Amino acid sequence: MTSYLQRTQLHGWRRALAACFVLSLLTPFVAARAPETSAVGINVYYDDTIASAVDPCALADQSACPGGQPMNDELEFMAQVAAAYWSVIFHDMHNMEIRVAWVSGESPFARVVEVDDDGRPLVADVLVTAETNWFWDPTPFEDEEFDMTPKLYRDTHPAEQNEAFNGNVPEIFEVGFNGEENGADVGPDVLTILLHEIGHTIGLHDDIIENRPTVPCTEAIPGGDPYYHVDPALVGGANMSIKAFEQTEDLPITLGGHQQEEEDRQLAGLGDITVFYDCAHLAIGGIQECEGDADCEAHQGLMWIGPIPDARSRPSVVDILAIAEAAGWEEIHLPRKYSLGDGSWNDTDPWLGQQVPNAGNNVYIINQQTDATVNLYGDGDARDLYITDDNVLNVTFGSLDATRIELNGADTALNIDSGAELDSVYVNLYGDSTMHLADATADIFWTLYSNGLIRGGNAEIELNRLVNDGEIRSNGGPLTIVSTDDEPSLDLDGTMEWVTDRELRATTGDLTFEGQITDSIAIAVVVGNGYTMTFSDGWEQAYTNNPDTTLQMLGTLAPATISGETTLMGNVDPAGIGRFTDDVTFTGPAWSHLAIAIGGPTPGAEHDQLILDEHVSFASFLDLSLQGGFMPAPNDEFVIAEYASHSGEFDSVTGWDLGGFLRLELEYDTNELRAVARLAGDMNGDGQWTNKDKPLLAQSFGACVPDPLPCRGDMDQDGDIDKDDLQMLIRLLNANNGRTR
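To keep things clear, this report deals only with the structure shown in the data block. Keep in mind the model is a prediction, meaning the values are calculated, not measured. The residue numbering used here restarts from 1 in each chain and proceeds along that chain's sequence as written. Local features in a predicted model are, by the rule used here, given only for residues with pLDDT of at least 70; side-chain atom pairs are given and counted only at 80 or more, and totals for whole chains, interfaces and linings are based on all residues. Remark: hydrogens and water are excluded; side-chain values derive from all non-hydrogen atoms of the structure.

## A word on the pattern of salt bridges
Part 1 of the reasoning: Salt bridges are identified by distance alone: a Lys or Arg side-chain nitrogen within 4 Å of an Asp or Glu carboxyl oxygen. Scanning all chains against the criterion turns up 22 salt bridges.
Part 2 of the reasoning: Its salt-bridge partner being Arg678, residue Glu667 comes within 2.7 Å of it at the nearest N-O pair. One end of the pair, Glu667, is in strand β42 (residues 662-668); the other, Arg678, is in strand β43 (residues 672-679), and 11 residues separate them in sequence. Counting from the N terminus, the helices are the DSSP runs of H or I reaching at least four residues and the strands are the DSSP runs of E reaching at least two.

## A closer look at the side chain of Asp608
Part 1 of the reasoning: Mapped onto the fold, Asp608 is located in the loop between β37 (593-598) and β38 (609-617).
Part 2 of the reasoning: In terms of polar contacts, Asp608 uses its side chain to reach the backbone amide nitrogen of Gly576, at 2.8 Å.
Part 3 of the reasoning: For this analysis, a polar contact is any N or O atom pair within 3.5 Å, provided that within protein one partner can donate a hydrogen and the other can accept it, and provided that sequence-adjacent residues contribute only side-chain to side-chain pairs. Within the local environment of Asp608, its side chain forms a polar contact with the backbone nitrogen of Ala597, the two atoms lying 2.8 Å apart.
Part 4 of the reasoning: Contact definition: two residues touch when any of their heavy atoms are within 4.5 Å. Ignoring any residue separated from it by four or fewer positions in sequence, one finds Asp608 in contact with Asp573, Pro574, Ala575, Gly576, Ala595, Ile596, Ala597, Val639 and Ile640.

## Examining the nonpolar core
Part 1 of the reasoning: Judged by nonpolar contacts, the single largest core of 92 residues is most densely connected at Trp86, Phe90, Phe165, Phe173, Tyr228 and Ile242.
Part 2 of the reasoning: Every residue in contact with Ile242, bar those within four places of it in the chain, is listed here: Ala164, Phe165, Phe173, Pro226, Tyr227, Tyr228, Val230, Leu282, Val318, Leu321 and Ala322.
Part 3 of the reasoning: Grouped together as the second largest cluster of nonpolar side chains are 83 residues, Trp345, Leu376, Val395 and Ala442 included. Within this scheme, the nonpolar core is defined by two criteria: the residues are buried Ala, Val, Leu, Ile, Met, Phe, Trp, Tyr or Cys, and they are joined through side-chain atoms within 4.5 Å. Between buried and exposed lies partly exposed: a residue is buried under 20% and exposed over 50% of the maximum accessible area for its type, with that area taken using a 1.4 Å probe on protein chains only.

## What about the sheet that holds strand β4 (residues 121-129)?
Part 1 of the reasoning: Read from one edge of the open sheet, four strands run β1-β2-β4-β3, paired in mixed fashion. Each end of this open sheet is capped by a strand with a single partner; those strands are β1 (41-46) and β3 (109-115). Each strand axis lies, on average, 20° off the axis of its neighbour in the sheet, ignoring direction.
Part 2 of the reasoning: Examined bridge by bridge, strand β2 (residues 95-103) and β4 share seven bridges and lie parallel to one another. Across the sheet, Val103 pairs through a bridge with Thr129, a residue of β4.
Part 3 of the reasoning: Axis geometry follows a simple rule: fit a line to the C-alpha atoms, using only the stretch in contact for helices, then measure angles between N-to-C directions, giving values from 0 to 180 degrees. Its contacts with the sheet put helix α2 (residues 72-87) on β1, β2 and β4, and the angle it makes with β1 is roughly 170°.
Part 4 of the reasoning: Here helix α4 (residues 190-202) sits on the sheet in contact with β1, β2, β3 and β4, set at roughly 150° to β4. The criterion for strand pairing is that DSSP finds at least two bridges linking the strands in question.

## Remarks on the environment of Val175
Part 1 of the reasoning: Checked against the element boundaries, Val175 lands in strand β7 (residues 174-180).
Part 2 of the reasoning: As a C-alpha pair, Val175 and Gln161 span 14 residues in sequence and 9.6 Å in three-dimensional space.
Part 3 of the reasoning: If near-sequence neighbours (up to four positions away) are discounted, Val175 is found in contact with Lys151, Leu152, Tyr153, Thr156, Phe165, Ile284, Gln300, Gly301, Ser316 and Val318.

## Observations concerning the state of the cysteines
Part 1 of the reasoning: Note that a disulfide, as used here, is simply two cysteine sulfur atoms within 2.5 Å. This model, assessed by the stated rule, comprises two disulfides.
Part 2 of the reasoning: One disulfide in the model links Cys57 with Cys65; its S-S distance is 1.9 Å. Given an S-S torsion of about 90°, the disulfide between Cys57 and Cys65 has right-handed geometry.
Part 3 of the reasoning: Relative accessible area serves as the criterion here: at 23%, Cys57 is assigned to the partly exposed category.
Part 4 of the reasoning: The residue that forms a disulfide with Cys217 is Cys279, at a sulfur-sulfur distance of 2.0 Å. Handedness of the Cys217-Cys279 disulfide follows from its S-S torsion of about -75°: it is left-handed. With Cys217 in the loop between α5 (206-210) and β8 (227-229) and Cys279 in strand β10 (residues 276-282), this residue pair connects regions lying 62 residues apart in the sequence.

## A few points about the pairing of β7
Part 1 of the reasoning: Burial analysis of β7 places six of its seven residues in the buried class, the great majority of the element.
Part 2 of the reasoning: Direction of pairing for strand β5 (residues 149-152) relative to β7: antiparallel, over a ladder of four bridges. The residue bridging Thr149 from the neighbouring strand is Asn178, located in β7.
Part 3 of the reasoning: Pairing geometry for β7 and strand β11 (residues 311-313), over three bridges, is antiparallel. Looking at β11, one finds that Asn178 is bridged to Ser313.

## Here we look at the sheet that holds β5
In a beta sheet, neighbouring strands pair by backbone hydrogen bonds and run either parallel or antiparallel.
Part 1 of the reasoning: As summarised here, the arrangement of the three strands in space is β5-β7-β11, forming an open sheet in which the pairing is antiparallel. Taken across any chain shown, the strands that pair with only one partner, and hence form the sheet edges, are β5 and β11. Averaged over all pairs of adjacent strands, the angle between strand axes in this sheet comes to 30°, irrespective of strand direction.

## Some remarks on the packing of aromatic side chains
Part 1 of the reasoning: Here is the rule: rings of Phe, Tyr and Trp (six-membered ring for Trp) pair when centre to centre is within 6.5 Å. Planes less than 30 degrees apart are stacked, more than 60 are edge-to-face, and the remainder are tilted. Under the counting rule described, the total for this entry stands at 18 aromatic pairs.
Part 2 of the reasoning: By way of ring pairs, the aromatic residues Phe586, Phe618, Tyr643, Phe650 and Tyr668 are connected into one cluster.
Part 3 of the reasoning: Directly above the aromatic system of Phe177 lies the positively charged group of Arg336, at a separation of 3.7 Å from the ring centroid.
Part 4 of the reasoning: Placement of a positive charge over a ring is assigned whenever Lys NZ or Arg CZ falls within 6 Å of the ring centre and within 35 degrees of the normal to the ring plane. The ring of Tyr426 is capped by Arg404, whose NZ or CZ atom sits 4.4 Å from the centre of that ring.

## Description of a negative patch on the surface
Part 1 of the reasoning: Patch members must show over 30% relative accessible area and no salt bridge, and they are joined within 9 Å when carrying like charges or within 5 Å when they are nonpolar side chains of Val, Leu, Ile, Met, Phe, Trp or Tyr. Calculation of accessible area relied on Shrake-Rupley with a 1.4 Å probe; when residues are assessed, cover is drawn exclusively from the protein chains displayed. When charges are counted, neither His nor the chain ends are considered; positive counts come from Lys and Arg and negative counts from Asp and Glu. Each charge is placed at NZ for Lys, CZ for Arg, CG for Asp and CD for Glu. Among the surface-exposed residues, Asp379, Asp381, Asp401, Glu421, Asp423, Asp443, Glu460, Glu462 and Glu514 lie close enough to one another that they form a single negatively charged patch.
Part 2 of the reasoning: If you list the elements that add at least two residues to the negative patch, you get β15 (373-388), β18 (421-430) and β22 (459-468).
Part 3 of the reasoning: With respect to the helices, strands and loops of the structure, Asp423 is situated in strand β18.

## Some details on unusual backbone geometry
Part 1 of the reasoning: One non-glycine residue, Asp390, lies in positive phi territory at about 65°.
Part 2 of the reasoning: Note on placement: Asp390 falls in the loop between β15 and β16 (392-408).
Part 3 of the reasoning: If you check the backbone angles, Ser418 has positive phi at about 55° while not being a glycine.
Part 4 of the reasoning: Checked against the element boundaries, Ser418 lands in the loop between β17 (413-417) and β18.

Pasting the structure below:
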């Protein structure tokens, strides 16, 4: 059982936290508003003296009084959180007070006790059922227990569209923002109930609406107007309305409408129907046509008659604009900003609600207009930023500060350039989207995840953790990715799904990874002519049987360089001159390969070569090949590797037999590895067959090691030198007059 002292400390902490939370919510909006305006002030306090209030500890069901300790402070705190959420949305100069208490045997309800001459609320009560086992969220300003998602008009069920709206509704108009629990069964959410009930007290309540100079909702039929008409300036000039909740004596109107129900009642002998409008609730949500349709049922407006059980709802745009119309609020700041089309981030026109986003807002740049581009010049703030549907955000000469950034779509892009800065906690690139930095920096406090393209030139990305399931590419200049974590945190190949477009590429600029890599790299690594890819803490190439995961070093005119201690277990293709500045180890299974192509004597231009500044340990496969129709002459030499020191040899060599008894033999010297064209049977090494070779060959009779290359006198390649090889040499001498081939 929690002690009284513990509970007192907890309650005090919660009060302080509530105050801090209110301030934290209000602060980002102050700079965005004109100096003469302020948020609607809502003073919330617990008051058990109001009508209908009960002592929860005096009830038989003590859900609100566990262990004999009433949850009055908890109720007051959660109500303060809900009120703070509303107060940062409505900015009119207006103050009101809300008294909260417990009620028994009834559903939660709100009542407006006093209004001013304009119908705006001054005093209201909110009472919450004491017998319900509510979910008391320890972090009510976050929604980690719920999968919160917006529901847009374009994605709603046709029944919802027809029943709840009138006019030309923007396709990105938000009609619901809620989510079901994503883990344990948390139970009914008291925050949702308080948001709903306080929504009544500040706008959608009969006592407010009836006392407004211009009543926005009426029950009069015929000729009634049960719609809340939205200011066109707030919705991109559209002419649209939000419908109040409509029902007959017993049930909401079905999609068939009045006429159909009238006919049904008359056929049943029940007489005419009576239709009325509940102006305190909205029509969006709970449409009968949605029954059995999970997608339709899962989203609704907060101010429908009943929140979703065991889920969380926060005010959506539809709720906010209806409340504003009902109560006559003029200064509105929507918590989620949707882009209406091309334009400047810092102007009001591109945004639903005609307000520039601030640090408390979630921002959506989505497909209201196909392939829209929003440009940020200067500074821009957001809480969460979502860019989808092939839309683009360009940040130029300023900074973008957002807690979480998510991109989705093959042509969706976030471009940071011209000295701009990106500051975020999480950045996620999905659906082959792109984040591009040019002469820019990005500071990502925690994680950058990408299955798209990370591209940059003269740019730096500082982060804690990187998970790459796509491509990382330098672009017209160096790109540096720095991990600030002491633990291995650069996961450069993510889930290691072997797809062709996953790679690290430094072909138009250097690419540097400063930090520890989590594991071996199983995707393609490509370094261009004269450029360097740096792994500051070293790296290990993984083996895969996918040819697209090759290390390509394209140093045709200048070395393509890898910096950092290197272990190679996969396919390596220099395709010119490849340079390693640190120790290199060839290891792993026998099916990992180094490919060396030879087309002439000049390194880089005509044959591949590795330059190894430090020690190299050779092992595994070496694949030799000729290119461009080139055929070396006997004793031609090709330096295929230069090194400071070496150990080991390749376990196996392919392509060494060039036909006509000409072979490329490996010679490991102190500082270089050569492939030398040798004639089999040319025992004195003069590049030709002569009678001088016969006694030398005969003196060498015996076993020789056939792997990785057979010894020079083993002309029939059977693993030894014997009379068969001598007879083959004699036949060749006779055929060539005893001198040459």
